[in-house]
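# Understanding the architecture of this molecule
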Amino acid sequence: MKRSFSLLELILIILLLSICYYSFFIKIDKNNLEDAANRIVLYLKQTRYQALVDSKEAYDNKLWHKKRWTFKFFRCKQSIGGIYYIIYSDENMKGHPNIDEAMSDPLTNKKIYSSNSCEINSNTSKYVLLTKEYGISDVNISCNMTSSLGQISFGNDGKVYSKLSNYENQENKYEIKKRCKIELKSEEGREIGIIIEPKSGYTYIE
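About the criteria used
Residues numbered from 1 in each chain as written. Predicted model: local features only at pLDDT ≥ 70, side-chain atom pairs only at ≥ 80, totals over all residues. Heavy atoms only, no water. Helix = DSSP H or I, 4+ residues; strand = E, 2+ residues; numbered from the N terminus. Contact = heavy atoms within 4.5 Å. Areas by Shrake-Rupley, 256 points an atom, 1.4 Å probe, with all protein chains shown as cover. Buried < 20%, exposed > 50% of the residue type's maximum accessible area, 1.4 Å probe, protein only. Pairing = 2+ DSSP bridges. 1 Å grid on protein atoms, 1.4 Å probe; cavity = no way out; pocket = protein on both sides within 12 Å on 5 of 7 lines; lining within 4 Å. Points joined across faces, edges and corners; volume = space filled by probe spheres on them. Nonpolar A, V, L, I, M, F, W, Y, C, P; charged D, E, K, R; others polar. Disulfide = S-S within 2.5 Å. Axes fitted to C-alpha atoms, helices over the stretch in contact; angles between N-to-C directions. Phe/Tyr/Trp six-rings, centres within 6.5 Å; stacked < 30°, edge-to-face > 60°.

The next thing to look at is the overall build of the protein chain. Scanning the protein chain for helices and strands turns up two helices and eight strands. Secondary structure of the protein chain in N-to-C order comes out as α-β-β-α-β-β-β-β-β-β. Relative to all contacts within the protein chain whose residues are 6 or more apart in sequence, the contacts with residues 24 or more apart total 53%. Carbon and sulfur atoms form 52% of the exposed surface of the protein chain, whose accessible area is close to 12,000 Å².

Here is the structure:
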């Protein structure tokens, strides 16, 4: 009788520890997901503001729209794995952003940039490394018109674009006409959505 009671106690203790352990890591996952979403919303708002004050419109350049300020998601190189993002204006219009074209975080003055090696260094913001810093396993953009994970570009008129055309005089092509959702998925399978409204570019967590 004594042995049965001790075994029951042991089972209860293991059960309680399992619940505590599970709750602890669910809370961490939830916090990481929300922190990642909040950071992206902050940076999207900064991108929109930058586009408003730094107009790229130039009538002597029929491809000027390619320089619009853009928030773009990338995959780390295959040997590393993971997802990161960059905020940049493609000044040389070659389609391959470099660190000199990246926006600086106004609080830290670090570049909102990474290469596909996804390494942290003293010159770039660690917050762009979604998988390494927050455990984000996937990003899905409902308005994505690219062959990659997707991007959001802003015009100096407040309009939002899901892609920037490679052709002349197509500055209004790929403007989003309905709300766009950026969905972040954690390695544990939880999801959170970020909404971007058309025309105004108003951004918030769903």
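Having seen the model, we can carry on.
Note that Thr 47 resides in helix α1 (residues 2-53). On the accessibility criterion, Thr 47 (0% relative accessible area) is buried.

What follows covers the sheet that holds strand β2 (residues 83-88). Across the sheet, four strands lie side by side as β2-β1-β4-β5; this open sheet has antiparallel pairing. Looking at the sheet topology across the chains shown, the edges are occupied by β2 and β5 (160-161). With four bridges joining them, strand β1 (residues 69-75) and strand β4 (residues 151-154) adopt antiparallel strand pairing. Residue pairing across strands places Trp 69 opposite Phe 154, the latter belonging to β4.

A complete count under the given rule lists one cavity of 30 Å³ or more for this structure. The calculated volume of the largest cavity comes to roughly 40 Å³. Contributing to the lining of the largest cavity are Ala 51, Asp 54, Ser 55, Lys 56, Glu 57, Trp 64, Arg 68, Trp 69, Phe 154, Gly 155 and Asn 156. Considering only residue class, the lining of the largest cavity consists of four nonpolar, three polar and four charged.

By the definition in use, this model includes two disulfides. Put simply, Cys 76 and Cys 118 are joined by a disulfide, and their sulfur atoms are 1.9 Å apart. Measuring handedness by torsion sign, the sulfur bridge of Cys 76 and Cys 118 sits at about -95° and is left-handed. One end of the pair, Cys 76, is in the loop between β1 and β2; the other, Cys 118, is in the loop between β2 and α2 (130-134), with 42 residues separating them in the sequence. In this pair, the class of Cys 76 matches that of Cys 118, namely buried.

Before going further, it helps to examine the sheet that holds strand β3 (residues 136-141). Ordered in space as β3-β6-β7-β8, the four strands form an open sheet in which the pairing is antiparallel. Both outer strands of the open sheet, β3 and β8 (203-205), are each paired with one neighbouring strand and no more. Direction aside, the axes of adjacent strands within the sheet are offset by 20° on average.

Our next topic: the layout of surface pockets. By volume, the largest pocket is sized at about 310 Å³. As for the largest pocket, its lining consists of 14 residues, and the residues nearest its centre are Lys 72, Gly 95, Gln 151, Leu 164 and Asn 166. For the lining of the largest pocket, the per-class residue count stands at two nonpolar, seven polar and five charged.

A word on the packing of aromatic side chains. Scanning the model with the defined rule gives six aromatic pairs in all. Where Phe 71 meets Phe 73, the ring centres are 5.2 Å apart and the plane angle is 55°; that geometry is what we call tilted. Relative accessible area serves as the criterion here: at 0%, Phe 71 is assigned to the buried category. With a centroid separation of 5.4 Å and an interplanar angle of 20°, the aromatic rings of Phe 74 and Tyr 84 are classed as stacked. Of this pair, Phe 74 sits in strand β1 while Tyr 84 sits in strand β2; the two residues are 10 residues apart in sequence, bridging distant segments of the chain. For the pair shown, Phe 74 and Tyr 84 are each scored as buried. An aromatic cluster is built from Tyr 43, Phe 71, Phe 73 and Tyr 85, whose rings are joined through pairwise contacts.

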